[in-house]
Amino acid sequence: MEIPRTSTCNVIYRCIISVLFTGLLCSAQLEVKVNDIETATDGDASTSLSCSFSGYSGTPATIILAWEKTDTETGQKQFLIQQFNGYPETIGRYTIEGQANLRIAGPITVDDVGRYTCKVSLIGGGAGGTQQASVELLINSPIQDLVMGVEGQIDLLGENDVVTMIESQPITIICWAKQANPAASVTWYLGDQMIVSGEEGFTIESHTEEVDQPGDSRLNTVSQLTFSPIYTQHQNKVLMCSAINDIMSDELSLSVYPRILVPPSNHYIVGYESGDMVPVVEGQVFTISCRAVESYPVTQLQWYLDGAPIEHGITANNVQNDDGRVTVMSTWTYMASRAKGDDGARVQCVASGEPLSATNSVYVTLDILYPPTEIGITGDSDHYKAGEPARGIVCSSSGGRPAPKVSWWLGNQEKVTGVLNSNYLDLEMTANDNGKIYTCLANNDANIGHPLRMDTAPLNILFPPACVMLTGEGAVVTGQEATLTCSVCSSNPAASTYWKKDNGIITGSTTERLQATTYSKGENKGQITEQKLILKVTPSYNGVKIQCFGRNHEFDNIETSSDKYELDVLFPPVYPNGCVTSLTGYRAPLKAGDSLTLLCTSCSSNPAATIRWYRDDEEVQGTNQDMLTDGLYNGQVTAQEITMVMSQEHHGSQYHCSAFNRMVPNVPAPSQKITLEVQYKPMIINHELNRKAAASSGEEARLHCQVNSNPSPQVYWFHDNKRVISDGFYYTVTIVTNGAITTSTLYISSVDPLRDYGTFNCTTNNSHGMDSFLIDMQGKSKSKPDSAVGVEVIHMTDTMVTVTWQPGFDGGERQLFYLKYRIFSQDGSHEWMTSSAVIEPPLVARDLDSSTQYEILVISENSLGSSESNTIVRQTMVSNVGTTSPQKDSRSTIGVPIGVAMAILAAVIIVIAIIVIICKNRKSRKSEKPATVRVSSFEIANRQQQNDLSLTYFTSATAPPNPPLRTVSVVPNNLAYDSKAIIAHPGQENHHHKRHYPEEEAIYSEVPFSYDMPDDDEAPPSYHGNTPPSENALADFSHQIINGLDGLYQNRRRDRMPTPSTSHSSKAPSPSSSGNESSHISAISNDSIYKDTPYRTHTGIYV
């Protein structure tokens, strides 16, 4: 509040009155009466505070009446009106009526809340004395606004809006009654029934919160209604929020209509569980039905055969309940065949629609039944050599589904009952049976009445095997099983087998398993003997030789062997067990420009491992060829180097290598990770937009300087060839460090064109070098915006492109961006098209022609004009929607709808991503401005004498936190940084925060420097040919009134700050400043620091 100016006469007048008030003895008979509390309503035309006095004797010569107001939050007093013997009656909004009543002219607002004191003084006429009494004025306010929304949704609800919800899924609806005093009460209704919390599944939670506006005592009431909607009870009933407070005669209300979606209670294929096999006889028609039970609104059912939509043979039948829910049945009629690929085909019934948050699918698999295809007869173990009769015959059948039953017949008589697949003709033969024909019949469910048949074959002649073949599966991965198959050529009777490993006989074990011998028809109606050897291989099997032998026991003097088979065992580079890929060659720390060579060495592997290099878990290319040496288990060891020249981009990067065996996927052998530390000179990486800044006179301005540096840099600001000092009054410098990125922001609290317009220089240095950056500070409304730069396409399809850019300087006015684009041609004959406008990138150009070149540029526009960026030319992608392959069958046309759906889905995802980015950017901008730091002139002078050149510092990498503010003190000579909180005058109690954190947080340790920065009044030194502008000594402040202090104080010029490389001692404190400091600014103590609370000094100035 501004202090009213008064004339000399008014000052003398007040002094006389003060003497009269304080010099008179209080009369015991004088009594002043007021009401304890008076109330008024927000917006009233006026209000009156009652005050009367009595109990005095005689007729006073002079009656002095006075009213003053005390702010109940700050304790600050405000003089309102003073009257001598009835004059004056009115001052401003305040009038004394009646005996001593105070009338306040309207409109009445919440700013009128406070404690009002009525003072009465009587002088002369036998009456004398002074008395006073105080009354509290409270302002009542009706509800200013009533809004409703759904928890988790951004958009608010309007009157009669429809709220979509899913049955049985809890939903919370919130109602806000805003800015009322006293607080509003909220009532919920469903239909014409009031909702009671805890009944019928409803829960209501309500609370009040203060209005987020200083001095505003009104309250917001927040009421949350949570329930699980039930279709039969809640559908289409009015849900209403009603609110009222004690000063309102009518309630405010807001109504919405629930719309409840009901997913189907069951979705199934009739007669089957999802995943069942459905037996279907080939060539016969079958039907299958799918149901979705009781959904709202109706659920859509779609049939698919092996992923292709079924369009024909479908009938539908929908049944609607009385309450509107619908049961859907879809039936498909079809004739399956193996020729169409239906055997094992998946038949899906997919349910979709609004009631379902995602599609639901059930399926069955077609199992086509068909008759057996082959039948055969062979002899059994009862055999003879040439010239002797046979005694056993076996009939076997193959093919068909299910497996066929095999039986033997003689004429029309069944001799041997049927069994699956094969059956022995277990009849003893005699010479009389020679030439007799036995018939073997094979049938199953698909050929009942039409079995396969075959007659018996003549007897077989015994003979030994002529060869043995040993085959394997080729290379096998360690830990897996290697199967070797020994096939002994045709023999009658069947031959026996045995195995050797490196000349030792294999007898069978858990790691060398011999499977049972099997037999099959062979040449000359003999039998082929087959046996499998299954090895559980380890790397030690690599290179081992295996051999198989066959022998017919009827011919003891004949033995046949196979060729030797050499095992090829693939194993990853982790052997012997516990071996780890090594990574050597790194020694920290490194400097930019250094060369670093890392060596990665794998363990033994077969085949040789491939080395891959990774930087921050992203693969990078090695720089040298693999070096191979012999390893364990006949494997190889791989080594590879990578050589790099260090730069700032390598700092903080994690490198590791991994050895891969291409034949053993998913078994990488990674090395340990090393994190590179690279030291380099600071580099300012400011955005092009930061090269200019604009603010009008009296406005706040912010200048940003972002530095990439290791070790951490020192940052200095210069203006008009002088160093800018952070004083917390005109200039405040904030430092935010996030890893190697340091951001320094210069805040100018109130821009003075003569002082602040022009070029500011940000200069930074560390032990490896320096850098500087110029920023042009100018007034607003100076020009149209600068052109956008860095225009590039970040996403492209056949019909759209997404474009981003770097904004240029906005010219001091808010700027918007939009795209201009047209089809590219040499003569520029095509018309330009424009997109919608945004306040920041990116933008999307839609509805483009596929495989077409477009000219694209970005328009930057403010109220003063527009600028165009450079034009880029890009070609859209080729559309593949609707293309089909002539080699595909009719079901390949599914590519058309899938292509269209994928294009639509991609567009939706891009739009959602853009909205999320814009919302995050807006949110971050709202919180980027740190709290303003204000100190008194005496505090400034004290810091000058102590060389305490404080910089406001925030440890968060994002926006500065809400108070308490933290300051970083630069101590002369050693530049040790520490953090401390500015607290209230000792003895002042903080009533809001009781937690106490006295410890101090170390922010920086000593920072080494090799470059000296200049003193305030010295010219800048030369740094290897680079000369930054000199530092700016703090400007002399003129005499001015400091808010919160009654006197006039002179701000003094700050002493010079010693440079980091010198040991100058600070100047002696001025004698004129040391005596007055303690009378205005309290001592700041670190013994009582509260972490979460803003503080102020006893002068009322926030620090």
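This text goes with the structure placed above it.
Residues numbered from 1 in each chain as written. Predicted model: local features only at pLDDT ≥ 70, side-chain atom pairs only at ≥ 80, totals over all residues. Heavy atoms only, no water.

Q: What am I meant to see in the overall build of the protein here?
A: The helix and strand inventory of the protein stands at 6 helices and 82 strands. With 1103 residues in all, the protein has 42% of them scored as buried. For the protein, the proportion of contacts with a sequence separation of at least 24, taken over those separated by at least 6, is 66%. When the accessible surface of the protein is summed, it comes to about 56,900 Å², and 49% of that surface belongs to carbon and sulfur atoms. (Helix = DSSP H or I, 4+ residues; strand = E, 2+ residues; numbered from the N terminus. Buried < 20%, exposed > 50% of the residue type's maximum accessible area, 1.4 Å probe, protein only. Contact = heavy atoms within 4.5 Å. Areas by Shrake-Rupley, 256 points an atom, 1.4 Å probe, with all protein chains shown as cover.)

Q: Teacher, can you tell me more about the state of the cysteines here?
A: Covalent bonding between the sulfur atoms of two cysteines defines a disulfide. Across all of its chains, the model carries 9 disulfides by this definition. The disulfide partner of C175 is C241, and the gap between their sulfur atoms is 1.9 Å. The S-S bond linking C175 to C241 shows a torsion near -80°; that makes this disulfide left-handed. Taken together, the residues C175 in strand β15 (residues 171-180) and C241 in strand β20 (residues 239-244) connect sequence positions 66 residues apart. Looking at C175, the relative accessible area reads 0%, which means it is buried. With relative accessibility at 0%, the residue C241 sits in the buried group. Two residues share a disulfide in this structure: C600 and C657, whose sulfurs sit 2.0 Å from each other. Taking the sign of the torsion about the S-S bond as the criterion, the disulfide between C600 and C657, at about 85°, is right-handed. Of this pair, C600 sits in strand β52 (residues 595-601) while C657 sits in strand β58 (residues 654-660); the two residues are 57 residues apart in sequence, bridging distant segments of the chain. (Disulfide = S-S within 2.5 Å.)

Q: Mind showing me how you'd approach the pairing of strand β68 (residues 758-766) here?
A: The side chains of a regular strand alternate, residue by residue, between the two faces of the sheet. For β68, the tally of buried residues reaches 7 of 9 residues, placing the bulk of the element in the interior. Two strands pair when backbone bridges link them, and strand β64 (residues 714-719) and β68 are joined in this way by 6 bridges, in the antiparallel orientation. Looking at β68, one finds that H719 is bridged to F760. As judged from the 9 bridges shared by β68 and strand β69 (residues 769-778), these two strands associate in the antiparallel manner. Bridging across to β69, F760 finds its partner in I775. (Pairing = 2+ DSSP bridges.)

Q: Which parts of the structure should I look at to understand the sheet that holds strand β3 (residues 46-49)?
A: Hydrogen bonds between backbone groups are what pair the strands of a sheet, and the pairing can be parallel or antiparallel. Judged by pairing direction, the sheet is antiparallel, and its 4 strands sit side by side in the order β3-β9-β8-β7 without closing on themselves. Looking at strand neighbours, the two that pair on one side only are β3 and β7 (90-91), the edges of this open sheet. Strand direction decides the pairing type here: β3 and strand β9 (residues 101-105), joined by 4 bridges, are antiparallel. The residue of β9 that forms the bridge with S46 is A105.

Q: Just to check I follow, could you spell out the packing of aromatic side chains for this structure?
A: When we look at a pair of aromatic rings, we describe it by the centre distance and by the angle of the planes. According to the stated counting rule, one finds 11 aromatic pairs in the structure shown. Each ring, one from F202 and one from F227, has its centre 5.1 Å from the other, and the planes form 35°; the classification is tilted. Pair noted here: F202 is in the loop between β17 (193-194) and β18 (203-210) and F227 is in strand β19 (residues 219-227), with a separation of 25 residues, a long-range link. By relative accessible area, F227 is classed as buried at 4%. Look at Y498 and F549: their rings are 4.7 Å apart centre to centre, the planes differ by 10°, and that puts the pair in the stacked class. Separated by 51 residues along the polypeptide, Y498 in strand β41 (residues 496-501) and F549 in strand β46 (residues 545-551) bring together distant segments of the chain. (Phe/Tyr/Trp six-rings, centres within 6.5 Å; stacked < 30°, edge-to-face > 60°.)

Q: Help me understand the environment of P713, please; the structure alone is not making it clear to me.
A: Relative to the elements of secondary structure, P713 occurs in the loop between β63 (701-710) and β64. P713 gets classed as buried once you look at its relative accessible area, which sits at 12%. Separated by 56 residues in sequence, P713 and G769 have C-alpha atoms that sit 9.5 Å apart.

Q: How do you make sense of unusual backbone geometry when you look at a structure like this?
A: Across the chain, the bulk of peptide bonds are trans and the bulk of non-glycine residues have phi less than zero. With an omega of 5°, the peptide bond running from R401 to P402 counts as cis. Within the secondary structure layout, P402 lies in the loop between β32 (393-398) and β33 (405-410). The omega torsion across N606 and P607 is -5°, close enough to zero to call that bond cis. With respect to the helices and strands, the residue P607 is situated in the loop between β53 (604-606) and β54 (610-615). Residue S168 is not a glycine yet carries a positive backbone phi of 75°. Tracing the sequence through the fold places S168 in the loop between β14 (161-166) and β15. With relative accessibility at 57%, the residue S168 sits in the exposed group.

Q: What exactly am I supposed to notice about the side chain of S337 here?
A: Assignment of secondary structure puts S337 in the loop between β28 (326-335) and β29 (346-352). Apart from residues lying up to four places away in sequence, S337 is in contact with E282, D342, D343 and I368.

Q: Any chance you could explain the sheet that holds strand β27 (residues 314-320) here in plain terms?
A: Pairing is antiparallel across the open sheet formed by 4 strands, whose spatial order is β22-β24-β28-β27. A strand with exactly one partner marks an edge of an open sheet, and here the two such strands are β22 (266-269) and β27. Each strand of the sheet is rotated relative to its neighbour by a mean of 10°, with strand direction disregarded. Inspection of the sheet shows strand β24 (residues 285-295) paired to β28 by 9 bridges, in the antiparallel sense. Bridged to R291 within β28 is M329. (Axes fitted to C-alpha atoms, helices over the stretch in contact; angles between N-to-C directions.)

Q: What exactly am I supposed to notice about the side chain of T797 here?
A: One can find T797 in the loop between β70 (789-796) and β71 (801-806). Here the side chain of T797 touches T799 through a polar contact of 3.2 Å, landing on its backbone nitrogen. Setting aside residues no more than four positions away along its own chain, T797 makes contact with T876 and M877. (Polar contact = N/O pair within 3.5 Å; in protein donor to acceptor, adjacent residues only side chain to side chain.)

Q: Just checking my understanding: could you explain the pairing of β69 for this structure?
A: Of the pairings in the sheet, the one linking strand β62 (residues 692-694) to β69 comprises 3 bridges and is parallel in character. Its bridge partner being in β69, A693 is matched across the sheet by M777.

Q: Would you take a moment to explain the environment of Q547 for this structure?
A: Within the secondary structure, Q547 is located in strand β46. For the pair Q547 and V468, spaced 79 residues apart in sequence, the C-alpha separation works out to 9.8 Å. Apart from the residues lying within four places of it in its own chain, the contact partners of Q547 are L470, Y498, W499, K500, S561, S562, D563 and K564. A polar contact of 2.9 Å, which involves the side chain of Q547, links it to the backbone oxygen of S562.

Q: Help me understand a nonpolar patch on the surface, please; the structure alone is not making it clear to me.
A: On the surface, a nonpolar cluster with roughly 270 Å² of combined accessible area is contributed by I904, V908 and I912. Within the secondary structure, V908 is located in helix α4 (residues 895-926). (Patch = residues over 30% accessible without salt bridge, like charges linked within 9 Å, V, L, I, M, F, W, Y side chains within 5 Å. Salt bridge = Lys/Arg side-chain N within 4 Å of Asp/Glu carboxyl O.)

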